[in-house]
Amino acid sequence: MFVGGEFFYDSRWQVDTPGIRTGELTFLNGGKACLILICDYLLEQGIKKILLPSYLCPTILNTLEKCGLDYGFYQVHPDLSIDLKDLTLKSRDYRAVYFINYFGFPQAPVELSLLHNLQSGGTLLVEDNAQSGFNSTTSGDFVFNSMRKLCAYDGGYLSTRFDMQPYIEKRTGPRNQRLPLIREYRSRLSAYLFQGKGDRDELNLLYERAEEFYESDMLVEGDADERRHIEHLDWSGIKEKRRENYRYLMNLISDLPQITPLYPTLPEDVMPLGLPVYVNGLARDQLFDELGEAGIGLTIHWDAISRDMRLSSNADALDMSSRMLTLVIDQRFSHKQLDYLALTLEALINNHQNVSLHNPRK
């Protein structure tokens, strides 16, 4: 049995008519493409730096640097809430502030109040919904998502009141080098998982090549076929399945003291990316590897922080990245697969406890 891993093509969620309204949104190549255009706009307005949360994917920093935008950080607490005092103090020196709706969960009312106050004072807000999909309520002057985190297709939707067409036209031209590779990967992954066809090492190499192009390319135009597939997914059904799986898995892991969910309660209208937890009392990386050996491919958001000098100097961010693990709850998986995930997780934790009891520290 397998749980997790990358998305593969899955016709179960395809519908005949569009499953989401995107008429007021701009479709682009992905979340990175959205951020590139936002950078272009800010720079043209004379905004040369942006204030970021201290806990984020290093790819964001890479993109900002490639575009020529400088940045600073405000503190984020271990529960991923904003340090309001720190943001208030540091935002005085910035005309643009970036915030993330981590794992699809919205900001608390007190955080939104501060962000809205900044906005009313002229600060431009960039709302990162990369992990959220399509939110019904947003606050940013720029709001964007990243579909490859939620389904087996590439693309990102940007919402803003500003005219972004001139910036899109300036970046028209480069060929999409990633799409042929990731499409082949997603097709072959499905055959590998369900029919036993193909070689895992070849698949991994294909995926790595596709990711290299994603990191290096500065393409912004979205692909029409990817968009058509995204918009013909049953997004209401996907949302409900993710919510159901979240609640189901939360119940299964509730008695594991070594596992602390970041969001024990699932608010109404939230479509969660995954079920993020902190691992306590044992090495997260070892647990992650052992789960992988059992066919459970999970994600760490974001282990690269520990290897990035731009972020690793922040003690809180470094500690968070060393303990966080995202359990899968998405639309691909049944209760039986989540049972397997929870039972395997519990067995591995118990095994570590038994080893510790028999080998006490001297």
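Just above sits the structure.
Reading the values: rules and limits
Residues numbered from 1 in each chain as written. Predicted model: local features only at pLDDT ≥ 70, side-chain atom pairs only at ≥ 80, totals over all residues. Heavy atoms only, no water. Phe/Tyr/Trp six-rings, centres within 6.5 Å; stacked < 30°, edge-to-face > 60°. Helix = DSSP H or I, 4+ residues; strand = E, 2+ residues; numbered from the N terminus. Buried < 20%, exposed > 50% of the residue type's maximum accessible area, 1.4 Å probe, protein only. Lys NZ or Arg CZ within 6 Å of the ring centre and 35° of its normal. Contact = heavy atoms within 4.5 Å. Arc of directions from axis to C-beta. Pairing = 2+ DSSP bridges. Axes fitted to C-alpha atoms, helices over the stretch in contact; angles between N-to-C directions. Salt bridge = Lys/Arg side-chain N within 4 Å of Asp/Glu carboxyl O. Core = buried A, V, L, I, M, F, W, Y, C linked by side-chain atoms within 4.5 Å.

Chemist: Would you explain the packing of aromatic side chains in this entry?
Modeler: Centre distance and the angle of the planes are the two values used to describe a pair of aromatic rings. As enumerated under the stated definition, the model contains 19 aromatic pairs in all. Centroid distance Phe8 to Phe194: 5.2 Å. Interplanar angle 80 degrees. Geometry classified as edge-to-face. Taken as a pair, Phe8 in the loop between strand E1 (3–4) and strand E2 (26–28) and Phe194 in helix H6 (residues 179–195) lie far apart in primary sequence, 186 residues in all. In this structure Phe194 comes out as exposed when scored by relative accessible area, which is 52%. An aromatic cluster is built from Phe2, Phe8, Phe194 and Phe333, whose rings are joined through pairwise contacts. The aromatic ring of Tyr214 is capped on one face by Lys32, whose charged end is 5.8 Å from the ring centroid.

Chemist: Where do I start with the environment of Leu219 in this structure?
Modeler: Inspection of the secondary structure puts Leu219 in the loop between helix H7 (200–216) and helix H8 (224–231). The sequence separation of Leu219 and Gly104 amounts to 115 residues, and the corresponding C-alpha distance is 25 Å. In this structure Leu219 touches Asn29, Ala33, Pro174 and Asn176, once residues within four positions along its chain are discounted.

Chemist: What should I look at first to understand helix H10 (residues 284–293) in this one?
Modeler: Since there are 3.6 residues in each turn of an α-helix, residues three or four apart along the chain are aligned in direction. All buried positions along H10 are accounted for by Arg284, Leu287, Glu290 and Leu291. All buried residues of H10 lie within an arc of 130 degrees about the axis, which places them on one face of the element. Among the residues trailing H10, Gly295 stands out with phi positive, at a value near 85 degrees.

Chemist: Would you mind showing me how to read the sheet that holds strand E12 (residues 324–327) here?
Modeler: Backbone-to-backbone hydrogen bonds pair the strands of a sheet. The strands run either parallel or antiparallel. Read across the open sheet, the three strands follow the order E9-E10-E12; overall the sheet is antiparallel. The open sheet has two free edges, formed respectively by strand E9 (259–261) and E12, since each of these has just one partner strand. Each neighbouring strand pair of the sheet contributes to a mean axis angle of 40 degrees, computed without reference to strand direction. Docked against the sheet, helix H9 (residues 235–253) engages E9, strand E10 (275–279) and E12, running at close to 20 degrees with respect to E10. Relative to the sheet, helix H12 (residues 315–323) contacts E10 and E12, its axis offset from that of E12 by approximately 40 degrees.

Chemist: How should I be thinking about the pattern of salt bridges in this particular structure?
Modeler: Oppositely charged side chains are able to pair whenever their charged atoms sit close together. Enumeration according to the criterion identifies 24 salt bridges in this entry. For Arg307, the salt bridge identified is with Asp303, shortest N-O distance 3.6 Å. Judged by its relative accessible area of 60%, Arg307 is exposed. Since its relative accessible area comes to 31%, Asp303 is described here as partly exposed. Because the salt bridges share partners, they merge into one network encompassing Arg148, Asp154, Arg178, Arg183, Arg186, Glu211, Asp223 and Glu226.

Chemist: Would you explain the nonpolar core in this entry?
Modeler: As a rule of thumb, nonpolar side chains are buried together in soluble globular proteins. If you look at the biggest cluster of nonpolar residues, it comprises 112 residues, and the most contacted ones within it are Leu42, Ile50, Tyr55, Leu80, Phe142, Ile253 and Leu327. Counting residues per element, this core draws most heavily on helix H1 (residues 31–44), at nine residues.

Chemist: Before we go on, may I ask you to explain the pairing of strand E6 (residues 124–128) in this structure?
Modeler: Along a regular strand, successive side chains alternate from one face of the sheet to the other. Of all the five residues making up E6, five are buried; the element is thus mostly covered by neighbouring parts of the structure. Burial along E6 is two-sided: the residues Leu124, Val126 and Asp128 and Leu125 and Glu127 are all buried. Looking at chain direction, strand E5 (residues 96–100) and E6 are connected through five bridges and run parallel. Residue pairing for E6: Tyr98 is matched across the bridge by Val126.

Chemist: Can you walk me through the environment of Met218 in this structure?
Modeler: Turning to its location among the elements, Met218 is positioned in the loop between H7 and H8. Separated by 140 residues in sequence, Met218 and Pro78 have C-alpha atoms that sit 32 Å apart.

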